[in-house]
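Understanding the architecture of this molecule
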Amino acid sequence: MVQMLDFDRKIILNGSRAEILGYRSTPAIINSASASVSVFTAPLSTAMVASSATPLFLVLLHLGLFIAGATEFHLVHLRDLAAAGHHHRLPNPANNGKLSLDLLHRDAISGRNFSDRRHRLDHRLQRDAHRLAFLYRRLGGYHVDDFGSEVVSGLEQGSGEFFVRVGVGVPPRDQYMVVDSGSDIVWIQCRPCAQCYAQSDPVFDPAESASFARVACGSPICGFLVSGESGCYAGDCRYEVSYSDGSYTRGTLALETLTFGNVAVRDVAIGCGHSNRGLFVGAAGLLGLGWGPMSFVGQLGGQAGGAFSYCLASRGGGAAAGGSLIFGRTSAVPVGAVWVPLTRNLRAPSFYYVRLLGLGVGGWRLPVREDVFRLSEEGEGGVVMDTGTAVTRLPPTAYAALRDAFASATAGLPRAPATSIFDTCYDLSGYESVRVPTVSFYFAGGAILTLPARNFLIPVDDAGRFCFAFAPSTSGLSIMGNIQQEGIQITFDAANGFVGFGPNTC
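These remarks concern the structure in this document.

Conventions and cut-offs
Residues numbered from 1 in each chain as written. Predicted model: local features only at pLDDT ≥ 70, side-chain atom pairs only at ≥ 80, totals over all residues. Heavy atoms only, no water. Pairing = 2+ DSSP bridges. Helix = DSSP H or I, 4+ residues; strand = E, 2+ residues; numbered from the N terminus. Contact = heavy atoms within 4.5 Å. Axes fitted to C-alpha atoms, helices over the stretch in contact; angles between N-to-C directions. Phe/Tyr/Trp six-rings, centres within 6.5 Å; stacked < 30°, edge-to-face > 60°. Buried < 20%, exposed > 50% of the residue type's maximum accessible area, 1.4 Å probe, protein only. Polar contact = N/O pair within 3.5 Å; in protein donor to acceptor, adjacent residues only side chain to side chain.

What follows is about the sheet that holds strand 29 (residues 457-459). If you trace the 4 strands from one edge of the open sheet to the other, you get 24-25-30-29, paired in antiparallel fashion. What marks the edges here is a single partner per strand, and that holds for strand 24 (415-416) and strand 29. Sheet topology note: the strand 29/strand 30 (residues 465-468) ladder contains 3 bridges and is antiparallel. The residue bridging proline 459 from the neighbouring strand is phenylalanine 466, located in strand 30. In the packing of helix 8 (residues 396-409) onto the sheet, the strands contacted are strand 24, strand 25 (425-427) and strand 30, and the crossing angle to strand 30 comes to about 135°.

Here's what the structure looks like:
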């Protein structure tokens, strides 16, 4: 059992380092390399919050939110935002016998040459729209009895944002695999290929691996996958996953060795796909990191202590903009992390739901009801942390409160027209630096995560336009996307049901 730290904390990530404060009722002043932050706590007026007829701006004025000296601000150098946050990687302990991988953004291996930043953004948001539709469909029709039959990669739905290099078989053949925290299966394309899409590496050939072993129909492992679309063929356990857009992966379930650096993990259940179709951007398959027993983390069990940690690569797309993925309680669980409880959704047991209670701007909690983010007993609503979704989506009422508060605090900055899904944009072409209010997530247990400015104010073209990188959800579901997660050391302690936010940026 991991030792849990005091939840009565606040973590502020200011881009260059993190500060952890005791949560006090008296002011505490922090000075960092990138921001001067004043932290105050003050209760909201019950009468003001309860009145839906009171404009949000008046509520904020009542609280004194935008009085100079009472609000947390980031002092942001725009050249740093335009550089898209090239973070330092976490130390990679692969050579020390640990399960660790470098994490790359898909743009680093896709071979795509974007003419400008706007072109790159448009493609990313198109992928994001597909991913969002995939999540809504999956959560809308998910039943407990479907566990195993709803094995999905989400690759063609836009989840292929981050890749790792994994050795498959003995001897190991390196393959690019997509990291997906919302899937419970590990699969790759395999020879012989009845139909395979183009990938960066040669397609894996099971005949050349000394460790490849097909899973028999009578195996308990096969029982997780058997449904109307999967079953037995010639004594082998077969899987077939189809998607509404015509994409699919079909093949046999097998046990195989996966190699991470110099660490080999034997007898991992993987799907060996002989017939595959989809837009997979060069990856050989998928490394599922979901909360279910068929994910890579679930299969590791005691070997990794049910824990893994990642730092997502920068959205800049270059090879230098890397991140890391680490398995194992000893290496993955950082000292000084702030821990937040996870919640299970029986309708979607693969997903990591986090207990979000509220939002803040400038160090002040907004008047948004906690039940807006609550996961219902029927499995509706809630907040999912997802590596495959780029932009954080919030229910309309919560998004409007966040946007309006941020816009009010930045009223002195010149506005720009809306860009795609972003309706709060700025023309900062004439600026070298600006002051913007902090943006915070308030979690169960008292933890507060205050984002670096690059995680919510992003460049959308090469002409100096920046947008507030949140968007409204079309349902009650909230999704914490990878833009908001970038550069923060995030640890999932799946065994104990907590997610940790590390004390250092990465």
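To continue, consider the packing of aromatic side chains. For the coordinates displayed, the defined rule picks out 18 aromatic pairs. Aromatic pair phenylalanine 260 and phenylalanine 327: ring centres 5.8 Å apart, planes at 70°, arrangement edge-to-face. On the criterion of sequence distance, the pair formed by phenylalanine 260 in strand 13 (residues 248-260) and phenylalanine 327 in strand 17 (residues 323-327) is long-range, its members being 67 residues apart. The same class applies to phenylalanine 260 and to phenylalanine 327, which are both buried. Ring geometry for phenylalanine 406 versus phenylalanine 468: centroids 4.2 Å apart, planes at 15°, classification stacked.

Take the side chain of aspartate 461 next. Relative to the helices and strands, aspartate 461 is located in the loop between strand 29 and strand 30. A distance of 3.0 Å separates a polar atom in the side chain of aspartate 461 from the backbone nitrogen of alanine 463. Reaching out from aspartate 461, the side chain makes a polar contact with the side chain of arginine 465 at a distance of 2.8 Å.

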